[in-house]
Amino acid sequence: FDTKGNEETLAEGDSVGSPHFAVVHKSGRIIWTGFPDGGTRSMKPGEQPVVHTPRIVHTYGIALTPQEDFVYVASKIPNKDRRGVWRFPIDESGK
């Protein structure tokens, strides 16, 4: 939604994947995870989405630390022995 509460499409198509969970970094960058093969992606309004590496399949959850210097990504891989939560550093721009 824009600042007036109107619905606004920021991105669409294959570059978006299939978002399920999202967080917004203090820089304005939106970071989301998708399922089953969406991986972790991010974008700032007006930019194209970026797929981050390493690409974790079956991502199913995301969170920022209070300082917003790390992002946690959870995986719901069908193989229970390979499921986990990963922590990645992010800079001031949210990348």
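Refer to the structure above for everything that follows.
Computed from a prediction, not measured in an experiment: that's the story for all the values here.

K.L.:
Teacher, can you tell me more about the overall build of the protein here?
P.N.:
Counting secondary structure elements, the protein contains zero helices and seven strands. Secondary structure elements in the protein, listed N-terminal to C-terminal, are β-β-β-β-β-β-β. Here the C-alpha radius of gyration of the protein, 13 Å, is about what a compact globule of 95 residues would show, namely 12 Å. Across the 95 residues in the protein, those meeting the buried criterion constitute 31%. Long-range contacts, defined as pairs at least 24 residues apart, comprise 31% of the intrachain contacts of the protein with a sequence gap of at least 6. Carbon and sulfur atoms form 51% of the exposed surface of the protein, whose accessible area is close to 6,100 Å².

K.L.:
What's the story with the pairing of strand β6 (residues 70-75) in this structure? I'm lost.
P.N.:
Two faces belong to every sheet, and in a regular strand the side chains alternate between them. In β6, alternate side chains face the same way, and those of Val71, Val73 and Ser75 are buried while those of Phe70, Tyr72 and Ala74 on the opposite face are not. Here strand β5 (residues 59-64) runs beside β6; their pairing, made up of four bridges, is antiparallel. Paired with Leu64 across the strands is Val71, a residue of β6. The loop that links β5 with its antiparallel partner β6 comprises five residues; one of these, Glu68, has a positive phi angle of about 60°. Judged from the five bridges that link them, β6 and strand β7 (residues 85-89) form a sheet pairing that is antiparallel. Each bridged residue has a counterpart across the sheet, and for Val71 the counterpart in β7 is Phe88.

K.L.:
Where do I start with the layout of surface pockets in this structure?
P.N.:
One simple way to see leftover space: roll a probe sized like a water molecule over the atoms. Considering only enclosed or pocket space, the largest pocket measures out at about 170 Å³ in volume. As for the largest pocket, its lining consists of 13 residues, of which Thr40, His52, Val71, Phe88 and Ile90 are closest to the centre. Of the residues belonging to the lining of the largest pocket, the class tally is seven nonpolar, five polar and one charged.

K.L.:
What's the story with the sheet that holds β7 in this structure? I'm lost.
P.N.:
Pairing between sheet strands relies on hydrogen bonds along the backbone, with the strands arranged either parallel or antiparallel. Ordered by their spatial adjacency, three strands build an open sheet running β5-β6-β7, and the pairing between neighbours is antiparallel. For this open sheet the edge positions go to β5 and β7, each flanked by a neighbour on one side alone. Averaged over neighbouring strand pairs, the angle between their axes works out to 20° when direction is ignored.

K.L.:
What am I meant to see in the environment of Tyr72 here?
P.N.:
In this fold, Tyr72 is placed in strand β6. For Tyr72, a relative accessible area of 33% translates into the label partly exposed. Residues Tyr72 and Pro89, 17 residues apart in the sequence, show an inter-C-alpha distance of 9.0 Å. Excluding residues within four positions of it along the chain, Tyr72 makes contact with Gly61, Ile62, Ala63, Thr65, Val85, Trp86 and Arg87.

K.L.:
I would appreciate a short explanation of the sheet that holds strand β3 (residues 40-43) in the present structure.
P.N.:
Spatial ordering of the open sheet is given by β1-β2-β3-β4, a layout of four strands whose pairing is antiparallel. If you trace the sheet from one side to the other, it starts and ends with β1 (19-24) and β4 (50-51), each paired once. Pairing analysis gives four bridges linking strand β2 (residues 30-34) to β3, with the strands arranged antiparallel. The residue bridging Ile30 from the neighbouring strand is Met43, located in β3.

Cut-off values and rules
- Residues numbered from 1 in each chain as written.
- Predicted model: local features only at pLDDT ≥ 70, side-chain atom pairs only at ≥ 80, totals over all residues.
- Heavy atoms only, no water.
- Helix = DSSP H or I, 4+ residues; strand = E, 2+ residues; numbered from the N terminus.
- Rg over C-alpha atoms; globule rule 2.2 N^0.38 Å.
- Buried < 20%, exposed > 50% of the residue type's maximum accessible area, 1.4 Å probe, protein only.
- Contact = heavy atoms within 4.5 Å.
- Areas by Shrake-Rupley, 256 points an atom, 1.4 Å probe, with all protein chains shown as cover.
- Pairing = 2+ DSSP bridges.
- 1 Å grid on protein atoms, 1.4 Å probe; cavity = no way out; pocket = protein on both sides within 12 Å on 5 of 7 lines; lining within 4 Å.
- Points joined across faces, edges and corners; volume = space filled by probe spheres on them.
- Nonpolar A, V, L, I, M, F, W, Y, C, P; charged D, E, K, R; others polar.
- Axes fitted to C-alpha atoms, helices over the stretch in contact; angles between N-to-C directions.

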